[in-house]
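# Working through the structure, step by step
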Amino acid sequence: MIWLTWRQFRTQTLVAAALLAAAAVYLLITGTQLRHSYSADLITCHSSSAEYTCAGLLNGLESDYNGTLDLFELLVLAAPGLVGIFWGAPLIAGELERGTHYMTWNQSVTRTRWLAVKLTAIALASIAAAGIISLLMTWWASPLDTMSGNRFGTQAFNARNVVPLGYAAFAFALGVTLGLLLRRTLPAMAATLAIFIAVQLVVTVLVRPNVMPAIVTTVPINQTTMSQALRFDRAREVTGPVTIDLPAPPGSWNLSQTPALNSAGQPIQTSEILTCWNQMISRGPVAIKGSGNAPFAPLGACLAPLNLHVNVTYQPADRYWPLQWIETALYAVLAALLAAFCFRRIRRLG
Amino acid sequence: MTAILEAHALGMRYGRRQALTDCTLNIPPGHVVGLVGPNGAGKSTLLKLACGLLSPSSGSIRVLGNAPGSRPEQLARVGFLAQDAPVYPQLSVADHLRLGAHLNPRWDQDFAERRVAQLDLDPAQKAGKLSGGQRAQLALTVAAGKRPELLLLDEPVASLDPLARREFLKHLMESVADNDTSVVLSSHLISDLERVCDYLIVLVSSRVRLAGEVDQITAAHHRIVCTRRDPDTLPAGLEVVSAEHTDRQSTFVVRTDAPLPVGDWAAESLSMEDLVLTYMETAATVRPARQDSEVTR
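Numbering of residues starts from 1 in each chain and follows the order in which that chain's sequence is written. Starting at A for chains and at 1 for ligands, labels are handed out in the order in which the entities are written. For this predicted model, a pLDDT threshold of at least 70 governs which residues receive local features, and a threshold of 80 or more governs which side-chain atom pairs are given and counted, while totals over whole chains, interfaces and linings are taken from all residues.

### Points about the overall build of chain A
How we decide: The helix and strand labels rest on DSSP assignments: H or I over at least four residues marks a helix, E over at least two residues marks a strand, and numbering proceeds from the N terminus. In this setup the radius of gyration rests on C-alpha atoms only. A globule is expected at 2.2 Å times the number of residues raised to 0.38. Counting other C-beta atoms within 10 Å of its own, a residue is labelled buried from 20 upward, exposed at 12 or fewer, and partly exposed in the gap between, with every C-beta atom placed from the backbone.
The secondary structure content of chain A amounts to twelve helices and five strands. Its C-alpha atoms give chain A a radius of gyration of 27 Å, more than 25% over the compact-globule value 20 Å for 350 residues. In terms of overall dimensions, chain A has a C-alpha envelope of 85 × 50 × 30 Å along the principal axes. Counting only residues that meet the buried cut, chain A has 33% of its 350 residues in that class.

Listed below in structure tokens is the structure:
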């Protein structure tokens, strides 16, 4: 059985290995260059006194590598889907389509064993491929990730560390299952892609933020907190809400912004802050610029007596690994359920 | 010795379509069995039930004394060659033999290599590039190379030209001769099977119409031509299979296990082909509605 699995899967394995090797070479070369530039920039940073120069240097480095980063993240995100489409979907559907299951399932090996060997071998190959590419990606991007401090971004989270392994296992099992159900390779491939993308969306948007109860902190609005503010929005009408974006703790995952609330916990109206707003506007753009990196600090000072606050909802930085493992486990469980279904189903297949 | 195939009230249903109805059979060992019937009669279904690819909807089936198919020991004892002889197009002839060797404990590599040489197949040739006849021969080699006690072949010659048919059947007989392998092969044409079969099953519209050893079947059937009369007036013990009447004359095909009694008729024996066609025709006239529901599988 192992011989047959290898013989049938040989071409795909070699193609995948060649692609992985090409990607690895390119990632290793550019990754080394990136590290060189990064440490050189850091040395320049430390030797020069101007903080502004340092930020500029690092920003430049980030934008130099942004295109490559996006490209590789796309590759890591696509890899599990490709595994599901090209390795999963044809595994059973291809046999059914050509009728070769009549030959193979009538040798002295039960279908259960046939499926067990094929599933195990190719699932391991899928997980290994995803693991290698994710490892390379994580290593390659680590200087950029350190600079951005945003490990929870959708692309950054989905294309790093262990989650791609779970995705690959799931996509492969999904492809096999759909091939078994639809009995045609092409429709199975299309359905695999569609369902895989749908599941990824649902998990990323709905499951990941809620799988561990988020932390909600109440931040009062005053000069100190407003000096950190990222955004201040008033409604066009005087009756609309006021939104204030305050940063979550460094490295954490900021989930939501709520409108500014009064001491009773009710959203305030734009009319209530108009005085302060007009004060800020009247000082003009020069004044705002002159206040350095904290353009909203004077506004905060003006708003402080109103006793306002906002609720900041976030997942703290130390939940990164728990969330990675939970999501990997979730996908692994889904993959196992699909595999179990395949074993049940293949016994009753004619 | 245990029967090749023992079926009791066996039935198979695909959704709303009844593919096999109330099939009761007991085929003794050591036969080359021809399974004949029009397309869609249930031949493939019966063979797939026998090798365990399908599980019956009703009734029971035992092959070589065991439930078909689910255990490796039983799989090793029964070989199956599916319709159109599927092979892996990307795998070479030699790869197919290797497949057989890796997946079967009793694989006979000498036999398989000898046959490939006899057939003039290039071991390095990709199976996808073989002709239909060569593909069927390769699939037969894989099925026979595992040295089964029973070989099931589903329409093995349907897609072959007459020369390739003859070649295939010749090789089939050679392959099974030295091992006392029992064979069941299906066809919608009796002429394909006449030369090789010594046991016959006629399957029409999902039902078994006739089953038995060829010699006994031919001995038991007669065509009698007489002056026009009602079938009921024929002597007891004659089972009327078909009746045709002209203005003055009646022609009956009758079956009797005793010698045909002497009467005021002219009697003749029937060829296998005539006999099978008679059974197919009567089934068609009895249940004409079945015709349109027949699907080739």
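### Some words on the nonpolar core
Note the threshold: Definition of nonpolar core: a set of buried Ala, Val, Leu, Ile, Met, Phe, Trp, Tyr and Cys residues joined via C-beta atoms within 7 Å. Working definition of a contact: two residues with C-beta atoms, positioned from the backbone, lying within 7 Å.
Residues Ala168, Ala169 and Phe172 of chain A together with Ala139 and Leu152 of chain B are the most contacted members of the largest nonpolar core, which totals 139 residues. With 14 residues, helix α4 (residues 111–148) of chain A is the single largest residue contributor to this core. Those residues within four positions of Phe172 of chain A in sequence are excluded, and the remaining contacts are Val83, Gly84, Trp87, Gly88, Ile122, Ala123 and Ser126 of chain A. Membership of the second largest hydrophobic core comes to 21 residues, among which are Ala229, Ala248, Met280 and Leu308 of chain A.

### What about the sheet that holds strand β10 (residues 221–227) of chain B?
All names here are of chain B. Just so we agree on the cut-off: Pairs of strands are assigned from DSSP output, requiring at least two bridges between the strands. The angle between two axes is taken between their N-to-C directions and runs from 0 to 180 degrees, where each axis is a line fitted to C-alpha atoms and a helix contributes only its stretch in contact.
Spatial strand order, β11-β12-β10-β13: four strands in an open sheet with antiparallel pairing. Only two strands of the sheet have a single partner each, and these edge strands are β11 (239–245) and β13 (266–268). Geometrically, the sheet is characterised by an average inter-axis angle of 20° between neighbouring strands, direction not taken into account. Sheet topology places β10 next to strand β12 (residues 249–255); seven bridges connect them, and they run antiparallel. The residue bridging Arg223 from the neighbouring strand is Val253, located in β12.

### Some words on α4 of chain A
Let me state the cut-off plainly: Bend is computed residue by residue as the angle between axes fitted to the seven residues ending at the residue and the seven residues starting at it.
If you look at α4 of chain A, its biggest bend is around 55°, right at Ser142 of chain A, and the proline Pro143 of chain A turns up within four residues after that. The first or second residue beyond α4 of chain A is Gly149 of chain A, which carries a positive phi of 65°.

### With respect to the packing of helix α1 (residues 2–47) of chain A against α4 of chain A
Residues and elements named next belong to chain A. Note the cut-off: In what follows, roughly perpendicular refers to angles from 65 to 115 degrees, roughly parallel to angles under 35, roughly antiparallel to angles over 145, and oblique to any angle outside these ranges. The classification used treats Ala, Val, Leu, Ile, Met, Phe, Trp, Tyr, Cys and Pro as nonpolar, Asp, Glu, Lys and Arg as charged, and all other residues, Gly among them, as polar.
Between α1 and α4, the shortest axis-to-axis distance is 8 Å and the interhelical angle comes to 5°. Considering the angle they form, α1 stands roughly parallel to α4. Residue composition of the contact of α1 with α4, by class: 20 nonpolar, three polar and two charged.

### So, the domain arrangement of chain B
Residue and element names in this part refer to chain B. Selection rule: Per the annotation, domain bounds derive from an automatic or database assignment of domains.
The domain architecture assigned to chain B consists of domain 1 (5–213) and domain 2 (216–293). With centres defined by C-alpha atoms, the gap from domain 1 to domain 2 works out at 32 Å. Taken residue by residue, the interface counts 14 residues in domain 1 and eleven residues in domain 2. Only α7 (190–193), β8 (199–204) and β9 (207–213) provide two or more residues apiece to the side of domain 1 that touches domain 2.

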